[in-house]
Amino acid sequence: MKSKFTLTAICLVMLLTGCNFFSPLRLYETSFLLLFNTKITIMHYTYSAEDFRAFAELAHNKFENYHRLFNIHTSYDGVNNIKTVNSNAGISEIIVDDAIIDLLVFAKEKYEIASGTVNIALGPVLTIWRSYREAGLRDPESARIPSVEQLQAAHEYSSICNVLIDEERRTVFLPYENMSLDVGSVAKGFAVQRVAEGLKAEGYDSFLINAGGDVKAVGTKIRNTPWNIGVANPNLSGELIATLQIADMSTATSGDYQQYFTVNNQRHNHIIDPGTLFPALNFRSVTVINENAGIADFLSTALFVMSYEDGKKLIENFENTYAIWVDAQFNVQFSERIDHILRY
């Protein structure tokens, strides 16, 4: 089902000189509500509603394509997606789109770099937690958490080494029937990056994508001014920790304050530590800034699971990469050399 979007010109900015002297350049905005189970908002400077509508339709179609390919819950006619791969675990290899191969190769490579803190093969464990979370949200008084034994049994089928990818033949195979992929930790940011690259290839060079906290700023705003991206305080006060001023950069935030359920007054968020098989508890949120939205998304999850010290060491492996940590007591820490993109 295609998501519907409405078009809004949110501000009149300036009049350009040259051939467009009499044409007002406006910042337009629209949102898609049904893709990647989040709200995706795009902004773009252009001269007319018609121009923006063409841009928005192109962006929507690209997001819809990745939404279908990376989906673990829904099948689509004529599409071999992640759900298809999971449904054929222990049965047969599946020929998939290049985008799925690229996503899985990306995730396997980054798994090693992040010491296993982001594991797309953790599907069996995440499926258990998802079912308990959904049950707890439906009936909070009866909410409970899975047992250690239940999680450990599922973890026996969560080795990323068993995700078999044949890049030449474009196939994926999960050799055990209890295996399943869950690409939620990397897919959205990866898709944002690919959509942005596709839009740039079509000649668009000044726009912003915000896919539920995964943000990609392409180019600058008017007069070469950077885009302003607010970093929310996870205490849900509506306050901002800081405002990032970025151009041709991406940000991603992982946090415990939106997807969680409560058992005996203890919050259980959706980000599971592969080491403990329980929700990561070090932080309330982690925001990462990198030029690549896929890397920013992956790193924000990894840093949320890691200790502050290990997270600092990890981002040193990536150029022009910065982070903001908010710990369990809402103390805020910034990585080094971030000041040039911060506006407090």
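Worth saying up front: this structure is predicted, and the values here are computed from it rather than measured.

### With respect to the sheet that holds strand β5 (residues 164-166)
Consideration 1: The strand order β4-β6-β5 describes an open sheet built from three strands, whose pairing is antiparallel. What marks the edges here is a single partner per strand, and that holds for β4 (94-95) and β5.
Consideration 2: As defined by bridge partners, β5 adjoins strand β6 (residues 171-173) across three bridges and the pair is classed as antiparallel. Looking across to β6, one finds that Leu164 is bridged to Phe173.
Consideration 3: Contacts between helix α3 (residues 98-113) and the sheet are confined to β5 and β6, with β5 contributing the most and set at about 130° to the helix.

### A look at the nonpolar core
Consideration 1: Among the nonpolar cores identified, the biggest contains 74 residues, and Phe70 and Ile209 are the most heavily contacted of them.
Consideration 2: Not counting the four nearest positions on each side in its chain, Phe70 is found in contact with Phe36, Ile82, Ala99, Ile100, Leu103, Val183, Ala187, Phe190 and Ala191.
Consideration 3: Counting residues in each nonpolar core, the second largest holds 23 residues, with Val215, Ile229, Met249 and Ile289 among its members.

### As for the side chain of Ser185
Consideration 1: Among the secondary structure elements, Ser185 is positioned in the loop between β6 and α6 (187-201).
Consideration 2: Not counting residues within four places of it along the chain, the set of residues in contact with Ser185 comprises Val118, Ile120, Asp297, Phe298 and Thr301.

### What to know about the environment of Leu34
Consideration 1: Here Leu34 lies in the loop between β2 (24-32) and β3 (40-46).
Consideration 2: On the basis of relative accessible area, Leu34 is assigned to the partly exposed category, the value being 41%.

### Examining the packing of aromatic side chains
Consideration 1: Applying the stated criterion across every chain, the model contains 14 aromatic pairs.
Consideration 2: Look at Phe106 and Phe298: their rings are 6.5 Å apart centre to centre, the planes differ by 80°, and that puts the pair in the edge-to-face class. Taken as a pair, Phe106 in helix α3 and Phe298 in helix α7 (residues 293-305) lie far apart in primary sequence, 192 residues in all. One exposure class covers both Phe106 and Phe298, and it is buried.

### A word on the sheet that holds strand β10 (residues 240-246)
Consideration 1: Pairing within the open sheet is antiparallel, and its three strands lie in the order β9-β10-β17. Edge positions in the open sheet fall to β9 (227-232) and β17 (342-343), since each of these has one partner strand only.

### Here we look at the pattern of salt bridges
Consideration 1: As enumerated under the stated definition, the model contains 10 salt bridges in all.
Consideration 2: Two residues, Arg194 and Asp102, come together in a salt bridge whose shortest N-O distance is 3.0 Å. Remark: Asp102 occurs in helix α3 and Arg194 occurs in helix α6; sequence separation between them is 92 residues.
Consideration 3: Residue classification places Arg194 among the partly exposed positions, given a relative accessible area of 24%.
Consideration 4: For the salt bridge of Arg130 with Asp182, the shortest nitrogen-to-oxygen distance reads 2.5 Å. Within this pair, whereas Arg130 is found in helix α4 (residues 123-138), its partner Asp182 is found in the loop between β6 and α6, the two being separated by 52 residues in sequence.
Consideration 5: Exposure remark for Arg130: the relative accessible area of 17% places this residue in the buried category.
Consideration 6: Looking at Asp182, the relative accessible area reads 9%, which means it is buried.
Consideration 7: Among the charged side chains, a network of salt bridges with common partners joins Asp98, Asp102, Arg170 and Arg194.

### Brief notes about helix α8 (residues 308-315)
Consideration 1: If you check which residues of α8 are buried, you get Tyr308, Gly311, Leu314 and Ile315. The buried residues of α8 occupy an angular sector of 120° when the element is viewed end-on, so they sit on one face. Those residues of α8 that are exposed and angled more than 90 degrees off the buried face are Glu309 and Lys313.

Reading the values: the criteria
- Residues numbered from 1 in each chain as written.
- Predicted model: local features only at pLDDT ≥ 70, side-chain atom pairs only at ≥ 80, totals over all residues.
- Heavy atoms only, no water.
- Pairing = 2+ DSSP bridges.
- Helix = DSSP H or I, 4+ residues; strand = E, 2+ residues; numbered from the N terminus.
- Contact = heavy atoms within 4.5 Å.
- Axes fitted to C-alpha atoms, helices over the stretch in contact; angles between N-to-C directions.
- Core = buried A, V, L, I, M, F, W, Y, C linked by side-chain atoms within 4.5 Å.
- Buried < 20%, exposed > 50% of the residue type's maximum accessible area, 1.4 Å probe, protein only.
- Phe/Tyr/Trp six-rings, centres within 6.5 Å; stacked < 30°, edge-to-face > 60°.
- Salt bridge = Lys/Arg side-chain N within 4 Å of Asp/Glu carboxyl O.
- Arc of directions from axis to C-beta.

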